[in-house]
Amino acid sequence: MIYKLLSKFERDKIGKFKNRIVMSAMTRGFANEDHCCNSEILKYYEKRAKFGVGLIITEGIIIHPSGDGYNNVPYLFTKEQMMSWKKVVKSVHQYDTKIYAQLWHCGRISHNDYTNGYDIVSSTNKQAEGINRQNNKPYGKPRALKNNEMENIYKMFNHSAELAMEADFDGVEIHMGHGYLVDQFLDANVNDRSDNYGGSVKNRIRFASELLDSIIKKIGYEKVMVRISPSREMNGLYEWPNTLEMMKQLLKEFESKGLRQLDISCANSNYYETSGKIIRQVRKLWKHLLIGGASLTIDAAENEINSGYLDLVTWGRAILANPDFVELIKNNLPIKDFNNKMRDTLI
């Protein structure tokens, strides 16, 4: 069978993709003590490119030490860190694979163990519930950002975006999902502000809009993708309140700022109950590049493309477990199941 998944895709100034298969961003935690990429990380991404993935979205890359919340994750803050990523990008490009840097600020999903003496910041003063699995301690107590501090956060993202361009990434993905900083403004269950950045939908999307606008102006709309997760698994189904109304206003705002690439993520969830449901609503509102998936069978992914819901399809754990994922599809060979032991090494 000839899959459309394996066909080339081109969209305006965004450029050409050798196929429609995307390696989704997955936190790994193998950076060195300076938060730089090492040879293992380079080989990890190079292997997926060599075996044919069309687009790689990197693991989350911390934009500034104050935005960290994890063990041993890479940064894109210093020249040294940029140069370590530049080697990764060069190795990926030799196989005609595109690669985007996912830019990440954890916000309140953090702990003071990770923020290098900086305050943990968020849209709110409310502490995240539960235990941080990175250090087995309760999440740290955040401080709500003041209005005059928003610009500093935008500058952090802009700095990383510029470094990403210097490292020759094909684009950046702004992580606005999964409960991290930007999502903490979007989500009415978290955002309890009463100023211009909270309350109404218009106010709650202001932070995301201003951030997006600043990055597009800095590096160009064709270089920018956004990831959101309006519906996902989080100890049960978790969704933004008034999801559809939120999506209508958010997408209209994103489009007006020039965004043309959108990633709807559900983390490790049932696609059809979470992001797949959202994608069916979004496609009526969004005519531009749309990606999603994460856990689909090959036939289900093919159907999402043929039905016009998705342009490119993401896989995370399947590509982690099978570096030769694309070759397996081409040759109609079995795909190995993911297991948790695979987290322990970069295979």
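Each remark here, short or long, concerns the structure printed above.
Residues numbered from 1 in each chain as written. Predicted model: local features only at pLDDT ≥ 70, side-chain atom pairs only at ≥ 80, totals over all residues. Heavy atoms only, no water.

Participant: Let's hear about the overall build of the chain: which residues, and what values?
Facilitator: Tallying secondary structure elements over the chain gives 11 helices and 16 strands in all. Scaling as 2.2 N^0.38, a compact globule of 347 residues should have a C-alpha radius of gyration of about 20 Å, and the chain matches this with 19 Å. Residues counted as buried form 59% of the 347 residues belonging to the chain. Expressed as a percentage of contacts within the chain between residues at least 6 apart in sequence, the contacts between residues at least 24 apart total 69%. Per element, the accessible surface of the chain, about 14,600 Å² overall, is 45% carbon and sulfur. (Helix = DSSP H or I, 4+ residues; strand = E, 2+ residues; numbered from the N terminus. Rg over C-alpha atoms; globule rule 2.2 N^0.38 Å. Buried < 20%, exposed > 50% of the residue type's maximum accessible area, 1.4 Å probe, protein only. Contact = heavy atoms within 4.5 Å. Areas by Shrake-Rupley, 256 points an atom, 1.4 Å probe, with all protein chains shown as cover.)

Participant: Please provide a residue-by-residue account of the nonpolar core, values included.
Facilitator: Met176, Phe207, Ile228, Phe254, Leu262 and Trp315 are the most contacted members of the largest nonpolar core, which totals 89 residues. When residues in this core are grouped by element, the largest group, 8 residues, is from helix α3 (residues 150-166). Once residues within four sequence positions are removed from consideration, Phe254 is found in contact with Met176, Ala208, Leu212, Val226, Ile228 and Leu259. Counting residues in hydrophobic clusters, the runner-up holds 12 residues, among them Phe17, Val22, Ile291 and Leu312. (Core = buried A, V, L, I, M, F, W, Y, C linked by side-chain atoms within 4.5 Å.)

Participant: Please give an account of helix α2 (residues 79-93) that cites residues and values.
Facilitator: For α2, built from 15 residues, the straight-helix expectation of 21 Å at 1.5 Å per residue is met to within 8% by its first-to-last C-alpha distance of 21 Å. The complete set of buried residues in α2 reads Gln81, Met82, Ser84, Trp85, Val88, Val89, Ser91 and Val92. For α2, the secondary structure elements touched by its buried residues are α1 (39-50), β4 (55-62), β5 (98-104) and α3. (Expected span 1.5 Å × (residues − 1).)

Participant: Any chance you could break down unusual backbone geometry for me, citing the residues and the numbers?
Facilitator: Of note, Asn72 is a non-glycine position whose phi angle comes to about 60°, a positive value. In this fold, Asn72 is placed in the loop between β4 and α2.

Participant: Describe the sheet that holds strand β10 (residues 171-175), naming the residues involved and giving the relevant values.
Facilitator: Adjacent strands of a sheet form backbone hydrogen bonds with each other and so pair up, either parallel or antiparallel. A barrel is described by the order of its strands in space; here 8 strands give the closed sequence β3-β4-β5-β10-β11-β14-β15-β16, paired in parallel fashion. Each strand of the sheet is rotated relative to its neighbour by a mean of 25°, with strand direction disregarded. Looking at chain direction, strand β3 (residues 21-23) and β4 are connected through 2 bridges and run parallel. Bridging across to β4, Met23 finds its partner in Ile56. (Pairing = 2+ DSSP bridges. Axes fitted to C-alpha atoms, helices over the stretch in contact; angles between N-to-C directions.)

Participant: Lay out α1 with the relevant residues and their values.
Facilitator: Every α-helix carries 3.6 residues per turn, so stepping three or four residues along brings you back to the same face. Helix length check: α1 (12 residues) gives 16 Å between terminal C-alpha atoms against 16 Å at 1.5 Å per residue, within 8%. The set of residues buried in α1 consists of Ile41, Tyr44, Tyr45, Arg48 and Ala49. Taken down its axis, α1 places every buried residue within 130° of arc, on the same side. In α1, the exposed positions angled more than 90 degrees off the buried face are occupied by Lys43 and Lys50. The inward-facing, buried residues of α1 contact β3, β4, α2 and α10 (317-321). Put simply, Asn38 is the residue that caps the front of α1, since its side-chain oxygen is 3.1 Å from the backbone nitrogen of Glu40. (Arc of directions from axis to C-beta. Polar contact = N/O pair within 3.5 Å; in protein donor to acceptor, adjacent residues only side chain to side chain.)

Participant: Can you explain the layout of surface pockets? Please cite residues and give values.
Facilitator: There is about 170 Å³ of room inside the second largest pocket. Every residue along the wall of the second largest pocket is listed here: Lys202, Ile205, Arg206, Ser209, Glu210, Asp213, Gln249, Glu253 and Lys257. It is helix α6 (residues 206-219) that contributes the most residues to the lining of the second largest pocket, 4 residues altogether. Broken down by class, the residue content of the lining of the second largest pocket amounts to 1 nonpolar, 2 polar and 6 charged. (1 Å grid on protein atoms, 1.4 Å probe; cavity = no way out; pocket = protein on both sides within 12 Å on 5 of 7 lines; lining within 4 Å. Points joined across faces, edges and corners; volume = space filled by probe spheres on them. Nonpolar A, V, L, I, M, F, W, Y, C, P; charged D, E, K, R; others polar.)

Participant: Lay out the environment of Asn339 in plain terms, naming residues and giving numbers.
Facilitator: Residue position: Asn339 is located in the segment after α11 (325-330). Taking the C-alpha atoms as reference points, Asn339 and Ser110, 229 residues apart in sequence, are found 26 Å from one another.

Participant: An account of the side chain of Arg28 is requested, with residue identities and associated values reported.
Facilitator: Within the secondary structure, Arg28 sits in the loop between β3 and α1. Glu59 is the oppositely charged side chain nearest to the buried, salt-bridge-free Arg28, at an N-O distance of 6.7 Å. Of the polar contacts made by the side chain of Arg28, one reaches the backbone oxygen of Arg343; its length is 3.3 Å. Separated by 3.0 Å, the side chain of Arg28 and the backbone oxygen of Thr345 make a polar contact. If we skip the residues at most four places from it in the chain, Arg28 touches Tyr44, Glu59, Leu320, Met342, Arg343, Thr345 and Leu346. (Lys, Arg positive; Asp, Glu negative; His and termini not counted. Salt bridge = Lys/Arg side-chain N within 4 Å of Asp/Glu carboxyl O.)

Participant: Give a description of the environment of Leu346 that names residues and reports values.
Facilitator: Mapping Leu346 onto the fold places it in the segment after α11. Leu346 gets classed as buried once you look at its relative accessible area, which sits at 15%. Residues Leu346 and Tyr44, 302 residues apart in the sequence, show an inter-C-alpha distance of 6.0 Å. What Leu346 contacts, discounting residues up to four positions off in sequence, is Arg28, Phe30, Glu40, Ile41 and Tyr44.

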